[in-house]
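If you want the building blocks of each chain, they are given just below.
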Amino acid sequence: KGETMLVTFLERCDRSPDRMAIEELRAGGAVADVAMTWAQWRNASRSFAASLVVDGVRPGDAVAVLAGNRLIWPVADIGILMAGAVSVGVYPTSAPVQLRELLLDCAAVAIVVDTVEQLHKVLAVAPDLTRLRRIICADVVDSHSQYESWVSYLATGAAELARSATIANDVR
């Protein structure tokens, strides 16, 4: 058919917006049970995509995701595609030297991490990453000059989607 993963995802969101799509379960090691419907997943991913666009991420730019099996991973992954960027997955077990080489090789302009531990790995190699402009971390509450909180980043994107028809048209 020539459909992309993103087209298939959006069609599913339209077909069953109120059905549960993904879960993060305490039984699987999560801090708490969390679930998202297809509509919630689409909206969170669109907010992330809008923040990326506002942040200067352009089609074809690499955005990395360094996270375990958490909701942040699929939300970020779809959001990266919605922004027209290239999603680069990083193994959570990667050592800082491996992380540095991978991020240099793909020329990542942004990275999403899930934990403070992963944030510290990125901060340790960030001085060597000349293209890296943004670090977003799920497990921090406050933004800092070296990184942005996931919640703040999504809120920025949601506000831009509501405010700007141009941004809303730039993300799928």
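Our structure is the block above this text.
Residues numbered from 1 in each chain as written. Predicted model: local features only at pLDDT ≥ 70, side-chain atom pairs only at ≥ 80, totals over all residues. Heavy atoms only, no water.

**Observations concerning the overall build of the protein chain**
(1) Moving on: What the protein chain contains, in helices and strands, is 7 helices and 7 strands.
(2) Moving on: Listing every helix and strand of the protein chain by position from the N terminus yields α-β-β-α-β-α-β-α-β-α-β-β-α-α.
(3) Moving on: Its C-alpha atoms give the protein chain a radius of gyration of 16 Å, near enough to 16 Å, the size a compact globule of 172 residues would have.
(4) Moving on: Its C-alpha atoms put the protein chain at 45 × 40 × 35 Å along the principal axes.
(5) Moving on: The 172 residues of the protein chain split such that 45% are buried.
(6) Moving on: Accessible surface, the protein chain: about 8,900 Å² in total, of which carbon and sulfur atoms supply 52%.
(7) Moving on: In the protein chain, the 16 positive side-chain charges and the 20 negative ones have mean positions that sit 5 Å from each other. (Helix = DSSP H or I, 4+ residues; strand = E, 2+ residues; numbered from the N terminus. Rg over C-alpha atoms; globule rule 2.2 N^0.38 Å. Buried < 20%, exposed > 50% of the residue type's maximum accessible area, 1.4 Å probe, protein only. Areas by Shrake-Rupley, 256 points an atom, 1.4 Å probe, with all protein chains shown as cover. Lys, Arg positive; Asp, Glu negative; His and termini not counted. Charge placed at Lys NZ, Arg CZ, Asp CG, Glu CD.)

**Describing the pairing of strand S5 (residues 108–113)**
Regular strands show a simple pattern: their side chains alternate between the two faces of the sheet.
(1) Moving on: Most of S5 sits inside the fold, with 6 of its 6 residues counted as buried.
(2) Moving on: In the sheet, strand S3 (residues 62–66) pairs with S5 via 5 bridges, with the strands oriented parallel. Within the sheet, the bridge partner assigned to Leu66 lies in S5 and is Val113.
(3) Moving on: Note that S5 and strand S6 (residues 134–137) share 4 bridges and pair parallel. Bridge pairing in S6 links Ala110 to Arg134.
(4) Moving on: You can see the chain leave S5, run along helix H5 (residues 116–125) and come back into S6, and the turn it takes is right-handed. (Pairing = 2+ DSSP bridges. Right-handed = clockwise from strand over helix to strand, strands pointing away.)

**Some thoughts on H5**
Given 3.6 residues per helical turn, the α-helix brings residues three or four places apart onto the same face.
(1) Moving on: Burial in H5 covers these residues: Gln118, Leu119, Lys121, Val122 and Val125. The arc enclosing the buried residues of H5, seen along the axis, measures out at 160 degrees, which places them on a common side. The exposed set on the far side of H5, more than 90 degrees from its buried face, consists of Glu117, His120 and Ala124.
(2) Moving on: Each element contacted by the buried residues of H5 is listed here: S3, helix H4 (96–106), S5 and S6. (Arc of directions from axis to C-beta. Contact = heavy atoms within 4.5 Å.)

**Some remarks on the pairing of strand S4 (residues 86–90)**
(1) Moving on: Of the strand pairs in this sheet, S3 and S4 are connected by 5 bridges, and their pairing is parallel. Across the sheet, the residue bridging to Val65 is Gly89, located in S4.

**Topic: the packing of helix H2 (residues 38–54) against helix H3 (residues 72–82)**
(1) Moving on: Look at H2 against H3: their axes get within 7 Å of each other, and the N-to-C directions meet at 55 degrees. Our classification of the angle between H2 and H3 gives oblique. Crossing handedness for the pair H2 and H3: right-handed. Side by side, H2 and H3 meet where Trp41, Arg42, Ala44, Ser45, Arg46, Phe48, Ala49 and Leu52 of the first sit next to Pro74, Val75, Ala76, Ile78, Gly79, Ile80 and Met82 of the second.
(2) Moving on: Taken together, the residues that form the contact of H2 with H3 break down as 11 nonpolar, 2 polar and 2 charged. (Axes fitted to C-alpha atoms, helices over the stretch in contact; angles between N-to-C directions. Parallel < 35°, antiparallel > 145°, perpendicular 65-115°, else oblique. Left-handed = near helix turned anticlockwise from the far one by under 90°. Nonpolar A, V, L, I, M, F, W, Y, C, P; charged D, E, K, R; others polar.)

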